[in-house]
Amino acid sequence: MYQLLKNLSPTQQVGTLFVIVFGFLLIASAVAFMLSLREDMDEAVAERRRSDLRNFDGILRTSWLMVLVFWVGWLSGDWVAIALFALISFFALREFLTLSPTRRGDHRGLVLAFFVVLPAQYWLVGTEHFDLFTVFIPVYVFLAIPVASALANDPQRFLERNAKLQWGIMVCIYGMSHVPALLLLEFPKYEGRNAFLVFFLVIVVQTSTVVQHLASRRFPRAPAAPQISQSFNWPSWWIGIAVASVLGTLLAGITPFVPGQAFAMSLIACAAGSLGHLVMKALKRDRGIPIWGQGSVSVTGAGGLLDRVDSLCFAAPVFFHSVRWYFNL
């Protein structure tokens, strides 16, 4: 598999992936539609199936979205892909903050987050200022946001309010911005193929999520953190990580990695993404909501977007910096 993909030209690789991925997604979407037509006499069984189908449908929609972004990035250039991911960050942050109460004293910080920090972070990505891009939010923004809040003269729950905004910026802007940053890394003998690196990251993280969900249903075990997630347990977590890492190894031919490197990078990305998803579940429990989109209809119009990309927001920075460190880029 590695040699087969490696020997293909970029255009042939795109064509091969187009057939495989779109074929798989079409089949999965058709199966999900057929299952939604089934009726069960037992209401409890029917409700559980509807819940599973909602989760599966959300994963499918995210997969379609990210594959679409991959092809748009491939056909239209890096800046178009960067703009698309900036829009994803905007709606994800809006969704995060809409479900978190704010006060008048937060307005300055919110304006900074949406109209200064977000475009500045993606501009740093597009202009390849990677050293500044990696510290801009964790250092400069983390100092600027509480200063703006303090100048608003509202000390009530000051620490909680600022921590909430800083956390939203870290996940929705900082984390997501690392995905298009992969398009601009320069590898020897890999010019013009970086869109495949984005595809590689998305497909292994999504596969890990799907397999972990299916494994937890097929092989139920005691949850590792029952107050946070009833479906997260270590055996299903390891199964999801292992399957996704093997898939990453098979896809090594479209990346600058050899199979062993692809396995290691897949393992790192999937572990970070799945554990980050658990962290986001903890935040939802704290807010008292089942999903960010409130019953699969987002109050922000993003359609529960944050539920679908939270794993990627955690996996992308870890993957990006692991790649830069290993290849000394």
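Note: the structure precedes this text.
Each residue is numbered by its place in its chain's sequence as written, counting from 1. A pLDDT threshold of at least 70 governs which residues receive local features in this predicted model, and a stricter bar of 80 or more applies before side-chain atom pairs are shown or counted, although totals over entire chains, interfaces and linings include all residues. As a convention, hydrogens and water are excluded, and side-chain values are obtained from all of the structure's heavy atoms.

**Student:** What should I look at first to understand the pattern of salt bridges in this one?
**Tutor:** Any two side chains of opposite charge can pair, on the condition that their charged atoms come close. Any Lys or Arg side-chain nitrogen found within 4 Å of a carboxyl oxygen on Asp or Glu counts as a salt bridge. Scanning all chains against the criterion turns up five salt bridges. A salt bridge links Asp131 to Arg324; its shortest N-O distance comes to 3.7 Å. Remark: Arg324 occurs in helix H11 (residues 305-327) and Asp131 occurs in helix H6 (residues 130-151); sequence separation between them is 193 residues. Using a relative accessible area of 16% as the deciding quantity, one classes Arg324 as buried. In this structure, Asp154 engages Arg161 in a salt bridge whose closest nitrogen and oxygen atoms are separated by 3.9 Å. Like Asp154, the residue Arg161 is buried in the burial classification. Secondary structure elements are taken from DSSP: a helix is a run of H or I of four residues or more, a strand is a run of E of two residues or more, and numbering for both begins at the N terminus. Exposed residues in this analysis have more than 50% of their type's maximum accessible area, buried residues have under 20%, and partly exposed residues fall in between, with area computed by a 1.4 Å probe over protein chains only.

**Student:** Honestly, the side chain of Ser236 in this entry has me stumped. Any pointers?
**Tutor:** When you line up the elements, Ser236 lands in helix H9 (residues 234-250). Those residues within four positions of Ser236 in sequence are excluded, and the remaining contacts are Gln212, Ala215, Ser216 and Ser231. The criterion used for residue contact is that any of the two residues' heavy atoms lie within 4.5 Å.

**Student:** Just to check I follow, could you spell out helix H4 (residues 78-98) for this structure?
**Tutor:** What sets the pattern is the α-helix's 3.6 residues per turn: residues three or four places apart point alike. Multiply 1.5 Å by the residue count of a helix minus one, and that product is the helix's expected span. The end-to-end C-alpha separation of H4 is 30 Å, in line with the 30 Å expected for 21 residues at 1.5 Å each. Here H4 has its buried residues at Ala81, Ile82, Phe85, Ala86, Ile88, Ser89, Ala92, Leu93, Glu95, Phe96 and Leu97.

**Student:** What should I look at first to understand the packing of aromatic side chains in this one?
**Tutor:** The way to describe two aromatic rings as a pair is by their centre distance and the angle between their planes. When the centres of two rings from Phe, Tyr and Trp lie within 6.5 Å, Trp using its six-membered ring, the rings pair. Their planes under 30 degrees apart give stacked, over 60 give edge-to-face, and anything left gives tilted. Counted under the stated rule, the structure contains 18 aromatic pairs. Centre to centre, the rings of Phe114 and Phe115 are 6.4 Å apart; their planes meet at 50°, and the pair counts as tilted. Residue classification places Phe114 among the buried residues on the basis of a relative accessible area of 13%. Residue class for Phe115 comes out exposed when judged on its relative accessible area of 58%. Ring plane angle 25° and centroid distance 5.7 Å describe the contact between Phe257 and Phe327, whose orientation is recorded as stacked. Taken together, the residues span a long stretch of sequence, with Phe257 in the loop between H9 and helix H10 (259-287) and Phe327 in helix H11 at a distance of 70 residues. Judged by relative accessible area, Phe327 falls into the partly exposed class, the value being 23%.

**Student:** Looking at this structure, I do not really get a nonpolar patch on the surface. What am I missing?
**Tutor:** Surface patches are defined over residues having more than 30% relative accessible area and no salt bridge, joining like charges when they lie within 9 Å and nonpolar side chains (Val, Leu, Ile, Met, Phe, Trp, Tyr) when within 5 Å. Accessible surface is estimated by sampling points in the Shrake-Rupley manner with a 1.4 Å probe; for residues, cover comes only from the protein chains shown. A contiguous nonpolar surface patch, about 660 Å² in accessible area, is contributed by Trp234, Trp238, Val246, Leu250, Phe263, Leu267 and Leu275. Secondary structure elements with two or more residues in the nonpolar patch: H9 and H10. Tallying contributions element by element places H9 first for the nonpolar patch, with four residues. Relative to the helices and strands, Trp238 resides in helix H9. Looking at Trp238, the relative accessible area reads 52%, which means it is exposed.

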